[in-house]
Amino acid sequence: MRYISTRGQAPALSFEEVVLTGLAPDGGLYVPETYPQMSKEEIADLAGLPYHEVAFRVMRPYVGDCIDETTLRDILKKTYASFNHDAVAPLKQLDNNHFLLELFHGPTLAFKDVALQLLGRLLDHFLIKRGERGVIMGATSGDTGSAAIEGCKPCEQVDIYILHPHNRVSEVQRRQMTCVLAPNVHNLAIEGDFDDCQAMVKASFGDQSFLNGQRLIAVNSINWARIMAQIVYYFTSAVALGSPHREVSFSVPSANFGDVFAGYVARKMGLPIKQLIVATNANDILHRTLHSNDFSKKKLEPTLAPSMDIVVSSNFERLLFDLYQQDGKAVAALLEDFQNQATQLDPKAWSKAQEVFASLAVDDATILKVITDAFKRTGELLDPHTATGYLAAEKCATDSSTPVITLATAHPAKFEEAIIKAGFPEGASLPEHMSDLLEREERYTLLPADLKAVQSHLAEVQSK
Ligand SMILES: Cc1ncc(COP(=O)(O)O)c(C=O)c1O
Ligand SMILES: N[C@@H](CCOP(=O)(O)O)C(=O)O
């Protein structure tokens, strides 16, 4: 399997090289040259297998001969043993045809663990094999940061720098990062928003001279391994509901578009997905683009679903590349336009997206109402991100006979403010291993949203 850039101007790489990189040198994201296919029989055979074995069968073609079968199986077994639920991603029935896929049973209580527990191990494997060290630089709106730290902190080959927007993540989210005092973990609180953090990370991949030749590695979903790992739970959950003999739809709380893009890839691989419903908070660019072909930026607004406070959505580029039939030049031109002005997708590309995507934007007041109402109806306390997905599933599903699976992307205990405002004054309790989180010592460095300041800080710490 070779990986090519969505901007069409970078050399193709192997899986190993892609995992150890970030953005392509032309500024694009890596995608597989072609998507592997799974036959109906192969999909049906996934029924009843343990999660790690489904992961092996889904990921094998993407990994190719970069890791031998025994080692890959071993890595996957260890990865998913770190979850607190035997099923890893259990499916709950909410009502007749609406299901909840709980993706928050990993160590940091968000869906990011599914991929980042694996990525940490993959990095360890490749870097040890090569006898190399690497510097990880990641941006977080709250969940990727802790999941990346948790996934990579045992990895002695890396130093990890996570940029989070100062005062714009929840207290639990911040502490899950800043209370990790391991010497190779560095938290940078940036005086800006998530888009500022992500832009600085991407710019650093573009010009790595500040690192004096050290290898820079991505843990955000620009790293293909993140997407690859997230494809798996679309298969496990659809098969549990009768696929490949039955279509299913998914409703996905979305922002950087990595999670729902993994669903799109599962569909391209042969999983019979009818609809992919994209749910956003008030930062509604994905909804405006998919619904009305309005691909224009608006100012980023802080919301009660802070992890989805994103305007410039990385993985939308991977979708565009597919919709534009792998025309990297056209994708690059569209994205350049987008940086400068309001723009639109080519009508043919947009109508292809219409065949599978539906969308909804959910404002803060509605998020609170959904949390309250869903609890009354189903007994489930949804986190504010999952609440957007829940409502989108109810509003956008076109066919009442097709089951809809809403992805529960985080545990409610991470978002106390929303849960209290929704009428649950006690909040939701943190699991035992985090019960003293609010008393632990914190460590982070406050920096302006300025690329030179961030890069100088990194260079200084790395030179010690
Ligand atoms: C809890 C939660 N839900 C949903 C999302 C959106 O996922 P994605 O960025 O893959 O679209 C994120 C992060 O972006 C998140 O942390
Ligand atoms: N919501 C994310 C934002 C970063 O997204 P990623 O999937 O590209 O890592 C977060 O919680 O940090």
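Residues numbered from 1 in each chain as written. Chains lettered and ligands numbered in written order. Predicted model: local features only at pLDDT ≥ 70, side-chain atom pairs only at ≥ 80, totals over all residues. Heavy atoms only, no water.

The name recorded for the chain in an unreviewed UniProt entry is Threonine synthase, from Marinospirillum insulare. Note on the chain: under the UniProt heading Catalytic activity (unreviewed entry), the record states "O-phospho-L-homoserine + H2O = L-threonine + phosphate". Under the heading Cofactor (unreviewed entry), UniProt records this for the chain: "pyridoxal 5'-phosphate". (UniProt positions renumbered as here; feature names shortened; annotations may be inferred.)

Trainee: Explain the overall build of the chain to me, and be specific about the residues and the numbers.
Mentor: The secondary structure content of the chain amounts to 18 helices and 13 strands. For a compact globule of 464 residues, the expected C-alpha radius of gyration is about 23 Å, and the chain comes in at 20 Å, within 12% of that figure. Projected onto its principal axes, the C-alpha positions of the chain cover 60 × 50 × 50 Å. Residue burial in the chain is summarised as follows: out of 464 residues, 62% are buried. Across the chain, the fraction of contacts at a sequence separation of at least 24, relative to all contacts at a separation of at least 6, is 76%. Accessible area for the chain stands at about 17500 Å²; split by element, carbon and sulfur atoms hold 48% of it. When the 43 basic and 58 acidic side-chain charges of the chain are each reduced to a single mean position, those positions are 2 Å apart. (Helix = DSSP H or I, 4+ residues; strand = E, 2+ residues; numbered from the N terminus. Rg over C-alpha atoms; globule rule 2.2 N^0.38 Å. Buried < 20%, exposed > 50% of the residue type's maximum accessible area, 1.4 Å probe, protein only. Contact = heavy atoms within 4.5 Å. Areas by Shrake-Rupley, 256 points an atom, 1.4 Å probe, with all protein chains shown as cover. Lys, Arg positive; Asp, Glu negative; His and termini not counted. Charge placed at Lys NZ, Arg CZ, Asp CG, Glu CD.)

Trainee: I'd like to hear about the site of ligand 2, residue by residue, with values.
Mentor: Near ligand 2 you find 13 residues, and of these Thr140, Asp143, Thr144, Asn220 and Ser221 are the closest. Residue Arg226 places a side-chain N or O atom 2.9 Å away from an oxygen atom belonging to ligand 2. Starting from 340 Å² of accessible surface for ligand 2 in isolation, the protein chains cover 96%. A class-by-class count of the residues in the shell around ligand 2 yields two nonpolar, eight polar and three charged. (Near = heavy atom within 4 Å. Polar contact = N/O pair within 3.5 Å; in protein donor to acceptor, adjacent residues only side chain to side chain. Nonpolar A, V, L, I, M, F, W, Y, C, P; charged D, E, K, R; others polar.)

Trainee: Lay out the nonpolar core with the relevant residues and their values.
Mentor: The nonpolar side chains of a soluble globular protein tend to be buried with one another. Core analysis: the biggest nonpolar cluster contains 111 residues, and Tyr80, Trp224, Tyr234, Phe235 and Phe357 have the highest contact counts within it. It is helix α9 (residues 224-240) that provides the largest number of residues to this core, a total of 12 residues. With near-sequence residues (within four places) excluded, Tyr80 lies in contact with Tyr51, His52, Ala55, Met59, Val88, Val114, Leu118 and Ala229. Counting 28 residues, the second-largest nonpolar core is a separate cluster that includes Ala358, Val362, Ala387 and Cys396. (Core = buried A, V, L, I, M, F, W, Y, C linked by side-chain atoms within 4.5 Å.)

Trainee: Can you break down the UniProt feature "domain: Tryptophan synthase beta chain-like PALP" (unreviewed entry) in the chain residue by residue, with the values?
Mentor: Residues annotated by UniProt as "domain: Tryptophan synthase beta chain-like PALP" (unreviewed entry) correspond here to residues 98-332. As annotated, residues 98-332 has a helix share of 42% and a strand share of 19%, and its two end C-alpha atoms lie 39 Å apart.

Trainee: Would you mind going over the packing of aromatic side chains in detail, with residue names and values included?
Mentor: Enumeration over the complete set of coordinates arrives at 15 aromatic pairs. Between the aromatic rings of Phe15 and Phe126, the centroid separation amounts to 6.3 Å while the plane-to-plane angle is 65°, which identifies the pairing as edge-to-face. Here Phe15 is found in helix α1 (residues 15-19), whereas its partner Phe126 is found in helix α5 (residues 112-130), with 111 residues between them in sequence. In this pair, the class of Phe15 matches that of Phe126, namely buried. For the pair Tyr62 and Trp224, a centre-to-centre distance of 5.6 Å together with 45° between the ring planes defines the contact as tilted. One end of the pair, Tyr62, is in helix α3 (residues 51-63); the other, Trp224, is in helix α9, and 162 residues separate them in sequence. Neither Tyr62 nor Trp224 differs from the other in exposure class; each is buried. Taken together, Phe257, Phe261, Tyr264, Phe295, Phe316, Phe338 and Phe357 form an aromatic cluster joined through their ring pairs. Arg73 extends its terminal NZ or CZ atom over the ring of Phe56, reaching a point 3.8 Å from the ring centre. The ring centre of Phe338 lies 5.3 Å from the NZ or CZ of Lys297, which sits over that ring. (Phe/Tyr/Trp six-rings, centres within 6.5 Å; stacked < 30°, edge-to-face > 60°. Lys NZ or Arg CZ within 6 Å of the ring centre and 35° of its normal.)

Trainee: How would you summarise the site of ligand 1 if you had to cite specific residues and measurements?
Mentor: Neighbouring ligand 1 are 15 residues; Asp143, Ala255, Asn256, Phe257 and Thr409 lie closest to it. Residue Lys112 places a side-chain N or O atom 3.4 Å away from an oxygen atom belonging to ligand 1. Asp143 places a side-chain nitrogen or oxygen 2.5 Å from an oxygen atom of ligand 1. For ligand 1, whose unbound accessible area comes to 380 Å², protein coverage reaches 98%. For the shell around ligand 1, the class distribution of residues is six nonpolar, six polar and three charged.

Trainee: Outline the environment of Ala353, listing residues and values.
Mentor: Among the structural elements, Ala353 can be located in helix α14 (residues 347-354). Residues Ala353 and Leu290, spaced 63 residues apart in sequence, show a C-alpha to C-alpha distance of 7.2 Å. Setting aside its immediate chain neighbours within four residues, Ala353 contacts Leu290 and Leu323.

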